[in-house]
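Structure at a glance
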Amino acid sequence: KALQAGWRLPVTGALDAATRTALNPKAAAAAPAAPPASPVAKAVHAYLKNLAVGSKGDDVTALQQFLVAKHLLTIPKGIAYGYFGGATRAALKALQAGWRLPVTGALDAATRTALNPKS
């Protein structure tokens, strides 16, 4: 917990995705954290705007639910969805690395294109 607090990570007391990425960023970038992009792996939600740390709302909740379903994000019991913080950023970086996208930690145009369902 002290390491997580000192590194400004979500303080969960567990070796979660955000902590693993912070401790070993090269391994997170080298090893795919998610399956390659495919229609099955796509999100159901259509993301229309960029999201980054500090973003709030339904789009953030949908992104977090997708990352939880892919086992990249753990939201501790009692913590509300809908705020884009450090844990969401770390989970998104793991997804971006696994899908060989630019690793920005933000839901940017490249990541939105990869996630959005094709119409």
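If you're wondering where the values come from, they're calculated on a predicted model, not measured in any experiment. (Residues numbered from 1 in each chain as written. Predicted model: local features only at pLDDT ≥ 70, side-chain atom pairs only at ≥ 80, totals over all residues. Heavy atoms only, no water.)

Remarks on the overall build of the protein chain
Filter applied, for reference: Only DSSP runs of H or I covering at least 4 residues are called helices, and only runs of E covering at least 2 are called strands; the numbering of each starts at the N terminus. Burial here depends on accessible area, computed with a 1.4 Å probe over protein chains only, as a share of the maximum for the residue type. Under 20% is buried, over 50% is exposed, and the range in between is partly exposed. We call two residues contacting when some pair of their heavy atoms lies within 4.5 Å.
In terms of helices and strands, the protein chain carries 6 helices and 0 strands. Along the chain direction, N to C, the helices and strands of the protein chain fall in the order α-α-α-α-α-α. Looking at the 119 residues of the protein chain, the share that counts as buried comes to 42%. The long-range share in the protein chain, meaning contacts at least 24 apart out of those at least 6 apart in sequence, stands at 48%.

Topic: the confidence of the model for the protein chain
Note the following rule: Per-residue confidence from the predictor is reported as pLDDT, which spans 0 to 100.
For the protein chain, mean pLDDT is 80; residues scoring 70 or higher make up 82% of the total. The secondary-structure element of the protein chain with the lowest mean pLDDT is helix 3 (residues 25-30), recorded at 54, while helix 5 (residues 86-98) shows the highest, at 93.

Thoughts on the nonpolar core
Put simply, the rule reads: In plain words, nonpolar cores are sets of buried Ala, Val, Leu, Ile, Met, Phe, Trp, Tyr and Cys residues tied together by side-chain atoms within 4.5 Å.
In terms of nonpolar packing, the biggest core is built from 21 residues, with Leu63, Leu67, Leu95 and Leu115 touching the most fellow members. Excluding residues that lie within four positions of it along the chain, Leu67 makes contacts with Leu72, Leu73, Thr88, Ala91, Leu92 and Leu95.

Remarks on the environment of Ala114
If you trace the backbone, Ala114 turns up in helix 6 (residues 109-115). Taking the relative accessible area as the measure of exposure, Ala114 reaches 12% and is therefore buried. Sequence separation between Ala114 and Leu101 is 13 residues; the distance between their C-alpha atoms is 8.5 Å.

A short note on the packing of aromatic side chains
Note the threshold: Aromatic rings from Phe, Tyr and Trp, taking only the six-membered ring of Trp, are treated as a pair when their centres fall within 6.5 Å; an angle between ring planes under 30 degrees marks them as stacked, one over 60 as edge-to-face, and anything in between as tilted.
Scanning the entire structure with this criterion turns up 1 aromatic pair. Between Phe66 and Trp99, the ring centres sit 6.4 Å apart and the planes meet at 70 degrees, which makes this aromatic pair edge-to-face. Taken together, the residues span a long stretch of sequence, with Phe66 in helix 4 (residues 58-69) and Trp99 in the loop between helix 5 and helix 6 at a distance of 33 residues. Look at Phe66 and you get buried, because its relative accessible area is 10%.

What about the packing of helix 4 against helix 5?
We apply this condition: Between N-to-C directions, angles span 0 to 180 degrees; the directions come from axes that are lines fitted to C-alpha atoms, helices contributing only their stretch in contact. Angles below 35 degrees are treated as roughly parallel, those above 145 as roughly antiparallel, those between 65 and 115 as roughly perpendicular, and all remaining angles as oblique. Two helices crossing with the near one rotated counterclockwise from the far one by less than a right angle form a left-handed crossing, whereas a clockwise rotation gives a right-handed crossing. In the scheme used here, Gly and all other residues not listed as nonpolar or charged are polar, with Ala, Val, Leu, Ile, Met, Phe, Trp, Tyr, Cys and Pro taken as nonpolar and Asp, Glu, Lys and Arg as charged.
For the pair helix 4 and helix 5, interaxial distance at closest approach is 10 Å and the crossing angle is 60 degrees. One element, helix 4, and the other, helix 5, form an angle in the oblique class. Crossing of helix 4 against helix 5: the hand is left-handed. For the pair helix 4 and helix 5, the contacting residues are Leu63, Gln64, Phe66 and Leu67 in the first and Thr88, Ala91, Leu92 and Leu95 in the second. Split by residue class, the contact of helix 4 with helix 5 holds 6 nonpolar, 2 polar and no charged.

A word on helix 4
Note the cut-off: In a helix, the anticipated span is given by 1.5 Å times the number of residues less one.
Between its first and last C-alpha atoms helix 4 spans 16 Å; for 12 residues at 1.5 Å apiece the expected length is 16 Å, and the two agree. Within the sequence span of helix 4, burial applies to Asp59, Val60, Thr61, Ala62, Leu63, Gln64, Phe66 and Leu67. Residues of helix 4 that are buried make contact with helix 5 and helix 6. At the exit of helix 4 stands His71, carrying a positive phi of roughly 60 degrees.

Brief notes about the side chain of Thr111
Applicable threshold: Pairs of N or O atoms within 3.5 Å make up the polar contacts considered here, provided that, within protein, one atom can donate a hydrogen while the other can accept it, and that residues adjacent in sequence are counted only when both atoms are side-chain atoms.
Structurally, Thr111 can be placed in helix 6. In terms of polar contacts, Thr111 uses its side chain to reach the side chain of Asp108, at 2.8 Å. Apart from the residues within four sequence positions on either side, Thr111 is in contact with Leu92, Gln96, Leu101 and Ala106.

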